[in-house]
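# Residue-level structure breakdown
Each chain is listed here by its residues.
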Amino acid sequence: MPKPTCSFAGCAKPRSAKNLCKTHYEQNRKGQELRPVAPSTRGLTLEQRFKLKVRKTPVCWEWTGAKTRGYGQIGTGGKVQYAHRVSWELVNGQIPEGMFLDHRCGNRLCVRPDHLRLATRQQNAAYILHRRKNSTGFRGVQHLPSGKWLAVVRCHNMTAYRGVFNSRYEAAIEAAAARLRLFDFKETADVALAAMTPEQLRADTLDTAMSRGEP
């Protein structure tokens, strides 16, 4: 004969006392309002536990579990790890030693794998600084009152204006190419960007889709 379950609506746990399960009985004993009990994660895989804490919006996949400094956290292997790093590794494998993950969308709570990209420490810092200072979506690109886009490169108190373009994508490619020509340090992101066509960059860029609320 099946064991009677908790009388709280929706709770399938076995009764313990006063027609309630242990958890709801304790809530009642302490004078608390009875509330749903989170499902047990015992026996679940890391991926299964991970999915329980993700809320998918039309744009980002936001973490609803534990957080620190604005980033999601999840326990795995006896350690606490950042949720976005776990998300990346579930899809792409282990993050190379010394590499960081940049949120292309700028949302620290986002764990959507295609909103993340590998970056060196220096690149990651540059991306963060760029997002704080630039509303065009691209480093070294300014939107002019005329509606056109200016490519400009600044480094070591030097400013180089690289031309005015009809699209932000053309300006971004020229700015990346200029940084490669003018400075000794060759950022991987600039190498990739300079080799793209405006059409490829448009397809690869998240910011336009995000501004319209698209996935």
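Everything that follows concerns the structure shown earlier in this document.
All values derive from a computational prediction rather than experimental measurement. (Residues numbered from 1 in each chain as written. Predicted model: local features only at pLDDT ≥ 70, side-chain atom pairs only at ≥ 80, totals over all residues. Heavy atoms only, no water.)

## Digging into the pairing of strand β5 (residues 79-82)
Stated precisely, the cut-off is as follows: Criterion used throughout: strands pair if DSSP finds at least two bridges between them. Elements are defined by DSSP. Helices are runs of H or I of four residues or more, strands are runs of E of two residues or more, and each kind is numbered from the N terminus.
Sheet analysis places strand β4 (residues 71-76) next to β5, joined by four bridges and oriented antiparallel. Across the sheet, the residue bridging to T76 is K79, located in β5. Hairpin remark: β4 followed by β5, antiparallel, with two residues in the connecting loop; positive phi at G77, about 60°.

## Thoughts on the pattern of salt bridges
Keep this limit in mind: Throughout this description, the term salt bridge denotes a Lys or Arg side-chain nitrogen within 4 Å of a carboxyl oxygen of Asp or Glu. Classification of residues uses two cut-offs on accessible area relative to the type maximum, computed with a 1.4 Å probe and protein chains only: under 20% is buried, over 50% is exposed, and between them is partly exposed.
Throughout the structure, instances matching the rule amount to seven salt bridges. As a salt-bridge pair, K51 and E47 come within 3.6 Å of each other at their nearest N and O atoms. Of this pair, K51 and E47 both sit in helix α2 (residues 46-52), four residues apart, which is roughly one turn of that helix. With its nearest N and O atoms 2.8 Å apart, the salt bridge here joins R117 to D102. One end of the pair, R117, is in strand β7 (residues 116-119); the other, D102, is in strand β6 (residues 100-103), and 15 residues separate them in sequence. A relative accessible area of 29% means that R117 is categorised as partly exposed. Each of the salt bridges in this network shares a partner with another, and the network as a whole consists of R162, E174 and R181.

## Looking at the side chain of T76
As a reminder of what qualifies: When checking whether two residues touch, look at their non-hydrogen atoms; a contact exists if any pair is within 4.5 Å.
Note on placement: T76 falls in strand β4. For T76, a relative accessible area of 18% puts it in the buried group. Not counting residues within four places of it along the chain, the set of residues in contact with T76 comprises L46, R49 and Q81.

## Concerning the nonpolar core
A general trend in soluble globular proteins is that nonpolar side chains are found buried together. So the rule is basically this: To form a nonpolar core, buried Ala, Val, Leu, Ile, Met, Phe, Trp, Tyr and Cys residues must be joined to one another through side-chain atoms within 4.5 Å.
Grouped together as the largest cluster of nonpolar side chains are nine residues: F138, V141, W149, A151, F165, Y169, A171, A172 and A175. The set of elements that each furnish at least two residues to this core consists of β9 (149-155) and α5 (168-182). Listed in part, the seven residues of the second largest apolar core include F50, V54, I74 and A83.

## Description of the sheet that holds strand β3 (residues 67-68)
Reading across the sheet, the three strands line up as β3-β4-β5 and stay open at both edges, with antiparallel pairing between neighbours. Looking at strand neighbours, the two that pair on one side only are β3 and β5, the edges of this open sheet. Relative to β4, β3 is paired through two bridges, and the arrangement is antiparallel. Opposite K67, over in β4, you have G72 as the bridge partner.

## Some points on α5
Since the α-helix advances by 3.6 residues per turn, residues separated by three or four positions end up pointing in the same direction. So the rule is basically this: Expected span, for any helix, means 1.5 Å times one less than how many residues it has.
When the terminal C-alpha atoms of α5 are compared, their 21 Å separation across 15 residues agrees well with the 21 Å that a helix rising 1.5 Å per residue should span. A large share of α5 lies buried, amounting to eleven of its 15 residues. Buried residues of α5: Y169, A171, A172, I173, E174, A175, A176, A177, A178, R179 and L180, and no others.

## Re the packing of aromatic side chains
Applicable threshold: Think of it this way: a Phe, Tyr or Trp ring, Trp meaning its six-membered ring, pairs with another when their centres are within 6.5 Å, and the plane angle makes it stacked under 30 degrees, edge-to-face over 60, tilted otherwise. Two limits define a charge over a ring: the Lys NZ or Arg CZ must be within 6 Å of the ring centre, and within 35 degrees of the ring normal.
With the rule as written, the count across this model stands at two aromatic pairs. Centroid distance F50 to W63: 5.1 Å. Interplanar angle 45°. Geometry classified as tilted. Placement of F50 in helix α2 and of W63 in strand β2 (residues 61-63) is noted, with a sequence separation of 13 residues between them. Note on accessibility: F50 and W63 belong to one class, buried. Between K56 and the ring centre of W61, over which it is positioned, the NZ or CZ distance is 4.1 Å.

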